[in-house]
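Spelled out, the chains give:
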Number of protein chains: 2
Amino acid sequence: MIQRVKFIGAGNLATHLGKAFAKAGIQIVQVYSRTLESAGTLGAILDVPFTNVIHEVDPDADLIIISVKDDAIEQVLKQTDFHKQLIVHTAGSISMDFLSPYSERHGVFYPLQTFSKGREIDFSGIPVCLEASSAEVLTELKELAAKISKTVYQINSDDRKILHLAAVFSCNFVNHFYDIGAQLLEKQGLAFDLLKPLIAETSAKVMEMNPRDAQTGPAKRYDETIINKHLKLMNNRPELMEIYNFVTNSIWQAHKKYS
Amino acid sequence: MIQRVKFIGAGNLATHLGKAFAKAGIQIVQVYSRTLESAGTLGAILDVPFTNVIHEVDPDADLIIISVKDDAIEQVLKQTDFHKQLIVHTAGSISMDFLSPYSERHGVFYPLQTFSKGREIDFSGIPVCLEASSAEVLTELKELAAKISKTVYQINSDDRKILHLAAVFSCNFVNHFYDIGAQLLEKQGLAFDLLKPLIAETSAKVMEMNPRDAQTGPAKRYDETIINKHLKLMNNRPELMEIYNFVTNSIWQAHKKYS
């Protein structure tokens, strides 16, 4: 049973995951981060020892969670010796096999969520996507994940990569469009609050409806009069016009076979 | 006081608005739609007379709500005589002045929301954006709007057009990205349910945070390794790659000054 955990990495994901573990009675024994500042911040939050010296991270734990930028994972592993240790990464787009040269017992612990500093989040509703090098490791990870989340899935590396890509569209890109909306309003002296009920309903709809069926607006019916009016409103913002055109055409392509 | 209302148009907006009015004790006296089928459907829902013959629509009502496709408004008004009547349209991108040749007493009644068939909606949280040809008309419309919504705003035509554009980004385009996410998962045999907590949290975040601060993901930090992996996953979908590149660059442009 996994009872003692170490974190390599102290970003938003490590922070939220660490807090969820601590709340569930899992012991965090050490936090490492490349900078002393962020190691210290998470160390203080979790009230545990922290370091920014990678050689001070020994394998003494039931699980080592590597939650650093994708490009930094290899560098960290080359400087450590975890070969008898259970190690996992938390990255959407990295295969589990990437870890096999460094330890036989390895896996992936991928919580599918957007984490921001200073925003509390209830981990129990977050899908945790697991992958494991063996049935025994899978059992251990499942048991651990079940302590913080009600929705634990076994997802292989190929599926997880697609999931991550879908998440970029449905979260990161979506948020950017909220931002574009907010900026358009701000420039006009209008409050972003005006858009909030629409944003809330747009996401609430797809909890119950297929997004294809939930589509509304001028692009779906290719209402050229409105589309041209919109383009005119953005004629001093060529990059916005381009995005508008691309997405409008993509919506129209997706829907014209139905209309 | 507006007590008796007519609807010209029987689409999603008219349907939801009609139901909200009926619930609030406003009398709907007639429904017109270009097709007998949709006129009949809304007529049956509201239990009121309906017609698809425009000449059967007389001005006998306190308010006539024109809620047809933007391009059809002129055609409808040319075939009717409402010149002593209070008329409003419900369109985001049409100026109020468009109605002035047809009646001195006119305005705009624009509920900012996405309406879908078969989905119930609580009108009380929907911002209703009003514009009116006179102070007297504004008072009448405000009184009416307050019966169905807690958030009634006075918004002029220029502001409303920007609001509509912002709504296209933050609702229509957002929903299309949910759809792209859903399709990517479906092709991989994965359930859209996996994405739902992420979608819900992404919108919940901007109820409290500025969307600029809420941004996460590889585009924000221009993580080329992940971006290239994602592009490779879509290499049989050139139109998706193009959208991905455009939005990724737009996010990077918006954030690089801060990073």
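Quick caveat, the model's predicted, so the values are computed rather than measured. (Residues numbered from 1 in each chain as written. Chains lettered and ligands numbered in written order. Predicted model: local features only at pLDDT ≥ 70, side-chain atom pairs only at ≥ 80, totals over all residues. Heavy atoms only, no water.)

Participant: Would you mind going over the layout of surface pockets in detail, with residue names and values included?
Facilitator: All names here are of chain A. Considering only enclosed or pocket space, the second largest pocket measures out at about 1,400 Å³ in volume. Those elements that place two or more of their residues in the lining of the second largest pocket are α1 (12-23), α3 (73-78), β6 (106-111) and α5 (157-187). Considered class by class, the residues forming the lining of the second largest pocket number 21 nonpolar, 20 polar and seven charged. (1 Å grid on protein atoms, 1.4 Å probe; cavity = no way out; pocket = protein on both sides within 12 Å on 5 of 7 lines; lining within 4 Å. Points joined across faces, edges and corners; volume = space filled by probe spheres on them. Helix = DSSP H or I, 4+ residues; strand = E, 2+ residues; numbered from the N terminus. Nonpolar A, V, L, I, M, F, W, Y, C, P; charged D, E, K, R; others polar.)

Participant: Go over unusual backbone geometry, please, and point to the residues and values.
Facilitator: The phi dihedral of Asp47 of chain A falls on the positive side, at around 60°, and the residue is not glycine. Exposure remark for Asp47 of chain A: the relative accessible area of 69% places this residue in the exposed category. One non-glycine residue with positive phi stands out, namely Tyr222 of chain B, at about 40°. Following the sequence through the fold, Tyr222 of chain B ends up in the loop between α7 (211-214) and α8 (224-233). (Buried < 20%, exposed > 50% of the residue type's maximum accessible area, 1.4 Å probe, protein only.)

Participant: Break down helix α6 (residues 196-208) of chain B for me, citing the residues and quoting the values.
Facilitator: An α-helical segment advances 3.6 residues per turn. Residues three or four places apart therefore align on the same side. With 13 residues, α6 of chain B ought to run about 18 Å at 1.5 Å a step, and its terminal C-alpha atoms sit 19 Å apart, in line with that. When we look at burial in α6 of chain B, the residues that qualify are Lys196, Leu198, Ile199, Glu201, Thr202, Ser203, Lys205 and Val206 of chain B. In this fold, the buried residues of α6 of chain B make contact with α5 and α6 (196-208) of chain A together with α5 (157-187) and α7 of chain B. (Expected span 1.5 Å × (residues − 1). Contact = heavy atoms within 4.5 Å.)

Participant: Provide a residue-level description of empty space enclosed by the protein, including the pertinent values.
Facilitator: Evaluated as defined, the whole model comprises one cavity of 30 Å³ or more. Within this model, the largest cavity holds a volume of roughly 30 Å³. If you trace the largest cavity, you find it lined by Thr114, Cys171, Asn172 and Asn175 of chain A together with Thr202, Lys205, Ala214, Gln215 and Thr216 of chain B. Broken down by secondary-structure element, the contributors of at least two residues to the lining of the largest cavity are α5 of chain A together with α6 of chain B. Broken down by element, the lining of the largest cavity gets its largest block of residues, three residues, from α5 of chain A.

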